[in-house]
Amino acid sequence: MGIPLPPEFVLQALGHSEKIEKIKRFKPTNEIEKASSFQLIRYLELLICIGKSEFRKAAALEFETEKKLGQYSGKLNKTFELTICINLAVSLWLNLEFDKSLKWTKKILKIKLS
């Protein structure tokens, strides 16, 4: 089971693995830096999981993602927050976790971009 993606997309996403490790080594000094680091890392992690059809791995990130989204509420870029929620909802759906996917879909509908 997998979503057919153009090979260039998958290769591009996989290339971000090294960047994620560099970002993880960065030591944020304040809440804004912590929030920025989290949103970029989680965005890339989910992108890679989807690109590699690793939906279980993406679904395993749900608990921490929900915790961090709450912790950094108001400090995240809304576009990143929306994208993280969408990618997680899709991953949960493709992992056959429909109730959890619905929960994230409801969160998506509440996010205001303007």
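Figured I'd write up the structure that's included with this text. All values derive from a computational prediction rather than experimental measurement. (Residues numbered from 1 in each chain as written. Predicted model: local features only at pLDDT ≥ 70, side-chain atom pairs only at ≥ 80, totals over all residues. Heavy atoms only, no water.)

With that settled, the discussion passes to helix H6 (residues 78–94). When the terminal C-alpha atoms of H6 are compared, their 24 Å separation across 17 residues agrees well with the 24 Å that a helix rising 1.5 Å per residue should span. Residues of H6 that are buried include every one of Glu 81, Leu 82, Ile 84, Cys 85, Asn 87, Leu 88, Ala 89, Ser 91, Leu 92 and Leu 94, and no others. If you follow the buried residues of H6, they end up packed against helix H3 (31–51), helix H4 (55–59), helix H5 (62–71) and helix H7 (98–110). N-cap assignment for H6: the residue whose side-chain oxygen lies 2.8 Å from the backbone N of Thr 79 is Asn 77. Positive phi appears at Leu 96, one or two residues downstream of H6, with a value of about 65 degrees. (Helix = DSSP H or I, 4+ residues; strand = E, 2+ residues; numbered from the N terminus. Expected span 1.5 Å × (residues − 1). Buried < 20%, exposed > 50% of the residue type's maximum accessible area, 1.4 Å probe, protein only. Contact = heavy atoms within 4.5 Å. Polar contact = N/O pair within 3.5 Å; in protein donor to acceptor, adjacent residues only side chain to side chain.)

Scanning the entire structure with this criterion turns up 11 salt bridges. Measuring nitrogen to oxygen at the nearest pair gives 3.2 Å for the salt bridge that ties Glu 62 to Lys 103. Note that Glu 62 is positioned in helix H5 and Lys 103 in helix H7, a separation of 41 residues in sequence. The class of Glu 62 is buried, set by a relative accessible area of 7%. Judged by its relative accessible area of 32%, Lys 103 is partly exposed. The closest approach of N and O atoms between Glu 66 and Lys 103, which form a salt bridge, is 3.1 Å. With Glu 66 in helix H5 and Lys 103 in helix H7, this residue pair connects regions lying 37 residues apart in the sequence. Here the residues in one salt-bridge network are Glu 62, Glu 66, Glu 97, Lys 100, Lys 103 and Lys 107, joined through shared partners. (Salt bridge = Lys/Arg side-chain N within 4 Å of Asp/Glu carboxyl O.)

Turning our eyes to something else, we now look at the nonpolar core. Most often, soluble globular proteins have nonpolar side chains that are buried together. Counting residues in hydrophobic clusters, the biggest one holds 19 residues, and the most contacted among them are Leu 46, Leu 69, Leu 76, Cys 85 and Trp 104. Elements that contribute at least two residues to this core include exactly H3, H4, H6 and H7. With near-sequence residues (within four places) excluded, Leu 76 lies in contact with Ala 35, Phe 38, Gln 39, Leu 69 and Glu 81. Among the nonpolar cores identified, the runner-up in size contains 6 residues, and Ile 20, Ile 23, Leu 44 and Ile 48 belong to it. (Core = buried A, V, L, I, M, F, W, Y, C linked by side-chain atoms within 4.5 Å.)

With that settled, consider the environment of Leu 113. By the secondary structure assignment, Leu 113 is in the segment after H7. Those residues in contact with Leu 113, other than ones at most four positions away along the chain, are Lys 78, Thr 79 and Leu 82.

Our next topic: the packing of aromatic side chains. Think of a pair of aromatic rings as described by two things: how far the centres are apart, and how the planes are tilted against each other in angle. Tallied over the entire structure, the rule returns 3 aromatic pairs. Seen in terms of ring centroids, Tyr 43 and Phe 80 are 5.4 Å apart; in terms of plane orientation they differ by 90 degrees. Their pairing is edge-to-face. Of the two residues, Tyr 43 is situated in helix H3 and Phe 80 in helix H6; the sequence distance between them amounts to 37 residues. Aromatic side chains Trp 93 and Phe 98 sit 4.4 Å apart centroid to centroid with 65 degrees between the ring planes, which places their arrangement in the edge-to-face category. Of note, Lys 107 hangs over the ring of Trp 104, and the distance from its end group to the ring centre comes to 4.9 Å. (Phe/Tyr/Trp six-rings, centres within 6.5 Å; stacked < 30°, edge-to-face > 60°. Lys NZ or Arg CZ within 6 Å of the ring centre and 35° of its normal.)

This paragraph deals with unusual backbone geometry. For Ser 53, which is not glycine, the phi torsion reads 55 degrees and is therefore positive. For Ser 53, the location among the structural elements is in the loop between H3 and H4. Here Ser 53 falls in the partly exposed class, since its relative accessible area comes to 29%. Positive phi, close to 65 degrees, is recorded for Leu 96, a residue that is not glycine. With respect to the element layout, Leu 96 can be found in the loop between H6 and H7. Taking the relative accessible area as the measure of exposure, Leu 96 reaches 57% and is therefore exposed.

All quantities given are derived from atomic positions and should not be read as evidence of function.
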